[in-house]
Amino acid sequence: MVQKKEIIRLERESVIGVIKPRLIMTLANLIEQSFDRTEFLKLCKRVEYTIRAWYLLQFEDLMQLYSLFDPVHGARMLEQQKLDDKEIDVLEQNFLTYLFQVMEKSNFKIADNKEIEVATSGQYLLNLPIVVDESKLDNKLLKKYFEDHPTENIPDFSDKYVIFRRGIGLDKTTNWFFMEKMDIIISRFWKYLLRITKIEIFFMKPTFRKRDSESDTDEDDFFVERIRLENMELTPQTLLRMNTIQEPTFDRIIVVYRQATTVEDRPERGIHIKHFKSIPMADLEIVLPEKKNPGLKPMDWLSFIASAAVGLVAVVTSIETSKVDLWVVFAILSTVIGYCAKTYFSFQQNLAQYQNLITQSMYEKQLDSGRGTLLHLCDDVIQQEVKEVIVCFYMLMEQGKSTLTDLDRWCEDLIKEQFNDDINFDVDDAVKKLEKLGIVTRDTLGRYSIVGLKRANEVIGITTEEVVLKAKQDAANAPAAPAGQGYR
């Protein structure tokens, strides 16, 4: 079956997907000397304990601020604080500032105009027009934040809700797709009629402009194939065959918004944070807040009315002739009624599919919300920071002095070779943390090198966690007191 390939360009992620224990053990096993291996494992623990301590106070402030804007209990907390509106406004902007910083450290990015346009330029499992009821969303909170923190290429809806995304995956679905195939056939026939009647210019939609892969390709980009029914050649044989469609996914999505105030004397202060996983790009609408109930597409209504009008004219014309052919009238009415029935049942099937996707997003694809999402983000920041430092230190240990450009390439090659993960390593941030730890130096030529493993452990020093763990081990290994010699 011939099909037109649709390739979309995506930006490589900075997030290191491999879990930390596997990363550490894989790198440790590459070290030949057992003494160095032991020192490396000790260093990894001390790096994690130290980085966790760096962020402790910031995370505590974040969670304390969120307790005031928790949609469930935040209103009661604000009443106890006895704060005026201006003070609350300052606190909620402080919370957003902390939140966006944590998002950035976790390698979450705001979905910009280009990414939203790419996502909504196709269809996957969701075939209904989904519209957000903007009257139910606040448009002051986020608008104020972006006025104070200008951000390029943010979507028009960013004053009402913000979509953060991280990671790219693939989702495949295999099915018969009978109704979808019939929709495509009818749609193609309708476009053919519009084209031969020269009225297609009145129904043309602006198309998404794909950038030239030769002249406008960034070295940090990669390409993913989007397999859709719309690009397939449909024949009588393929109509009775199962097909597999494929859509790139956002591996993680976080949506931030506030509901609109419904009671004038009690302004809404709750901030909603929803966390989802594995959302197909073309079905991004399922994570949007305050969605309206879906209805027929404008194109469906237009086709429905046009077909009814054409059928009515044909029937009236046949009746007005001197000799009425009842079979012709019956054929025309059957065609019109059949098409109307098809439109109705297709809508019902799409509605059922939409309800199924919404249920799935709530029970399978929604990871957490509110405080749970923040706790996950805080831990995620630490895990990513630790992995970046460990990878960067290991490469400097193996390769010796290096410039940032070479170090960046070596780290990316290491992750690709050992874990088959093609990422855009954030070498600048990793080196800054190594400098903060005091275990890397820079010469006059701008090349970086590390201190020895043993010296690195001495520089960081014994951490509080190690002291606590040693005390627990000593207590566990201490011999039990003889009977009768306990405290009186």
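**Quick look at the sheet that holds strand β6 (residues 272-280)**
- Taken together, 5 strands build an open sheet; the order of strands is β2-β3-β5-β6-β7 and the sheet is antiparallel. In this open sheet, the two edge strands, each paired with only one partner strand, are β2 (109-110) and β7 (366-369).
- Relative to β6, strand β5 (residues 243-257) is paired through 8 bridges, and the arrangement is antiparallel. Pairing of Val256 across the sheet is with Ile273, part of β6.

**Topic: the side chain of Ser67**
- Along the polypeptide, Ser67 turns up in helix α2 (residues 34-69).
- Separated by 2.4 Å, the side chain of Ser67 and the backbone oxygen of Gln64 make a polar contact.
- Beyond its immediate sequence surroundings of up to four residues, Ser67 is in contact with His73, Gly74 and Met77.

**Considering the packing of aromatic side chains**
- Scanning all chains against the criterion turns up 9 aromatic pairs.
- Look at Tyr66 and Phe95: their rings are 5.5 Å apart centre to centre, the planes differ by 35°, and that puts the pair in the tilted class. Highlighted residues: Tyr66 in helix α2 and Phe95 in helix α4 (residues 85-105), separated in sequence by 29 residues. An identical accessibility class is assigned to Tyr66 and Phe95; each is buried.
- Note on Phe100 and Phe164: the rings are 5.1 Å apart at their centroids and 75° apart in plane angle, and the pair reads as edge-to-face. Placement of the pair is Phe100 in helix α4 and Phe164 in strand β3 (residues 161-175), with a sequence separation of 64 residues. Of the two residues, Phe100 and Phe164, both sit in the buried class.
- Pairwise contacts between aromatic rings join Phe100, Tyr145, Phe146 and Phe164 into one cluster.
- Positioned over the ring face of Trp54 is Lys436, at 4.2 Å from the centre of the ring.

The rules behind each value
- Residues numbered from 1 in each chain as written.
- Predicted model: local features only at pLDDT ≥ 70, side-chain atom pairs only at ≥ 80, totals over all residues.
- Heavy atoms only, no water.
- Pairing = 2+ DSSP bridges.
- Helix = DSSP H or I, 4+ residues; strand = E, 2+ residues; numbered from the N terminus.
- Polar contact = N/O pair within 3.5 Å; in protein donor to acceptor, adjacent residues only side chain to side chain.
- Contact = heavy atoms within 4.5 Å.
- Phe/Tyr/Trp six-rings, centres within 6.5 Å; stacked < 30°, edge-to-face > 60°.
- Buried < 20%, exposed > 50% of the residue type's maximum accessible area, 1.4 Å probe, protein only.
- Lys NZ or Arg CZ within 6 Å of the ring centre and 35° of its normal.

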